Amino acid sequence: MKLTDKQIDFITETIVKSNIASTEMKEDLIDHFCCAIEDIMEKGNGFKEAYDKAFNNICPDGFDEIHNETVYLLTHKKEKKMRKLMYVSGYLSIVLITLSLWLKIFKMPGAGIALFITFLTVMFLFLPVLFMHFYKRNLPKSFGEKTLYVAGFMGILLLFAGVLFKIMHWPGGFLLTMVSLAVINFLFFPMFFYRKYKRKIAV
């Protein structure tokens, strides 16, 4: 039993208009629906009855169920990759910090380069990944909560940059350090303790 072009168009239009975001998944679902309906129609059912049975078998709670499950799986995979990258970059940062300090203490050659690589790894790999992990986890929260994470990240990043510039004797190290301390002391800490205070009095 083969579906007519009109019936296939009806199935296609119904699935295309659904909330499912992935085009590839829509195409797979159309094929799956057509095959399921044809199998049911071979048992003597009409198209409408076969469509209703296929719909109840494939997505009894509607197309939103498939869409939500897809979004959850994709988000869960991204979060797992993010956490893995955070742990790897954190471990790498600790190893590099230990190595550069060891080279610096014993005044061995390559200490400056090791220290420079360490700061770059922390500033442009570990800290951004750590920030994105906490920021995305708090996306549903208020603007103030998200601003707190941004201020903390910017303050620490500028502080690391200032220390690196001072160690490498580059111009601008003092300015970067002062700006970072200003962000931490006059933006991050006031917001942090104010939010803690508000939560305490709200209990």
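Residues numbered from 1 in each chain as written. Predicted model: local features only at pLDDT ≥ 70, side-chain atom pairs only at ≥ 80, totals over all residues. Heavy atoms only, no water.

### Considering unusual backbone geometry
As a rule of thumb, non-glycine residues mostly have phi less than zero, and peptide bonds are mostly trans rather than cis.
Alright, step 1. For Lys107, which is not glycine, the phi torsion reads 50° and is therefore positive.
Alright, step 2. When you line up the elements, Lys107 lands in the loop between α4 (63-105) and α5 (111-137).
Alright, step 3. The exposure class assigned to Lys107 is exposed, which follows from its relative accessible area of 75%. (Helix = DSSP H or I, 4+ residues; strand = E, 2+ residues; numbered from the N terminus. Buried < 20%, exposed > 50% of the residue type's maximum accessible area, 1.4 Å probe, protein only.)

### With respect to the pattern of salt bridges
Alright, step 1. Counting across every chain of the model gives three salt bridges.
Alright, step 2. As a salt-bridge pair, Lys48 and Asp52 come within 2.9 Å of each other at their nearest N and O atoms. On the criterion of helical spacing, the pair formed by Lys48 and Asp52 is a turn pair, its members being four residues apart in helix α3 (residues 47-58).
Alright, step 3. Classification of Lys48 as exposed rests on a relative accessible area of 56%.
Alright, step 4. The residue Glu49 makes a salt bridge to Lys53 at a minimum N-O spacing of 3.6 Å. Of the two residues, Glu49 and Lys53 both sit in helix α3, four residues apart, roughly one turn of that helix.
Alright, step 5. The class of Glu49 is partly exposed, set by a relative accessible area of 40%.
Alright, step 6. Taking relative accessible area as the criterion, Lys53 reaches 36% and is therefore assigned partly exposed. (Salt bridge = Lys/Arg side-chain N within 4 Å of Asp/Glu carboxyl O.)

### Focus: the layout of surface pockets
Over the atoms rolls a probe the size of a water molecule, and in doing so it shows where empty space is left.
Alright, step 1. Computed from the structure, the largest pocket encloses a volume of approximately 290 Å³.
Alright, step 2. Every residue lining the largest pocket is counted, 13 residues in all, and those nearest its centre are Tyr149, Gly152, Phe153, Ile156 and Phe188.
Alright, step 3. At the level of elements, α5, α6 (143-167) and α7 (173-202) are the ones that each hand at least two residues to the lining of the largest pocket.
Alright, step 4. Ranked by the residues each element gives to the lining of the largest pocket, the list is headed by α6, at six residues.
Alright, step 5. Taken together, the residues of the lining of the largest pocket sort by class into eleven nonpolar, one polar and one charged. (1 Å grid on protein atoms, 1.4 Å probe; cavity = no way out; pocket = protein on both sides within 12 Å on 5 of 7 lines; lining within 4 Å. Points joined across faces, edges and corners; volume = space filled by probe spheres on them. Nonpolar A, V, L, I, M, F, W, Y, C, P; charged D, E, K, R; others polar.)

### Concerning the packing of helix α2 (residues 23-41) against α3
Alright, step 1. Close contact between α2 and α3 brings their axes to 9 Å; oriented N to C, the two are set at 125°. The pairing of α2 with α3 is recorded here as oblique in orientation. Remark: the crossing between α2 and α3 carries right-handed chirality. Contact residues: α2 offers Leu29, His32, Phe33, Ala36, Ile37, Ile40 and Met41, while α3 offers Phe47, Ala50, Tyr51, Lys53, Ala54, Phe55 and Ile58.
Alright, step 2. Classifying every residue of the contact of α2 with α3 gives twelve nonpolar, one polar and one charged. (Axes fitted to C-alpha atoms, helices over the stretch in contact; angles between N-to-C directions. Parallel < 35°, antiparallel > 145°, perpendicular 65-115°, else oblique. Left-handed = near helix turned anticlockwise from the far one by under 90°. Contact = heavy atoms within 4.5 Å.)

### Considering the packing of aromatic side chains
Alright, step 1. Overall, the coordinates contain 15 aromatic pairs when judged by the stated rule.
Alright, step 2. With centroids separated by 6.1 Å and ring planes inclined at 75°, the aromatic side chains of Phe10 and Phe47 adopt a geometry described as edge-to-face. Linking Phe10 in helix α1 (residues 5-16) with Phe47 in helix α3, this pair joins segments that are 37 residues apart in sequence.
Alright, step 3. Between Phe192 and Phe193, the ring centres sit 5.2 Å apart and the planes meet at 80°, which makes this aromatic pair edge-to-face.
Alright, step 4. A relative accessible area of 52% means that Phe193 is categorised as exposed.
Alright, step 5. Through pairs of rings, three or more aromatic residues link up here, namely Phe10, Phe33, Phe47, Tyr51 and Phe55. (Phe/Tyr/Trp six-rings, centres within 6.5 Å; stacked < 30°, edge-to-face > 60°.)

### Let's talk about the nonpolar core
Alright, step 1. Judged by nonpolar contacts, the single largest core of 18 residues is most densely connected at Leu3, Ile11, Ile15, Leu29, Phe33, Ile37 and Phe63.
Alright, step 2. Those elements giving two or more residues to this core turn out to be α1, α2, α3 and α4.
Alright, step 3. Residue contributions to this core peak at seven residues, all from α2.
Alright, step 4. Apart from residues lying up to four places away in sequence, Ile11 is in contact with Leu3, Phe33, Cys34, Ile37, Phe47 and Tyr51.
Alright, step 5. Membership of the second largest hydrophobic core comes to ten residues, among which are Phe119, Met123, Leu127 and Phe131. (Core = buried A, V, L, I, M, F, W, Y, C linked by side-chain atoms within 4.5 Å.)

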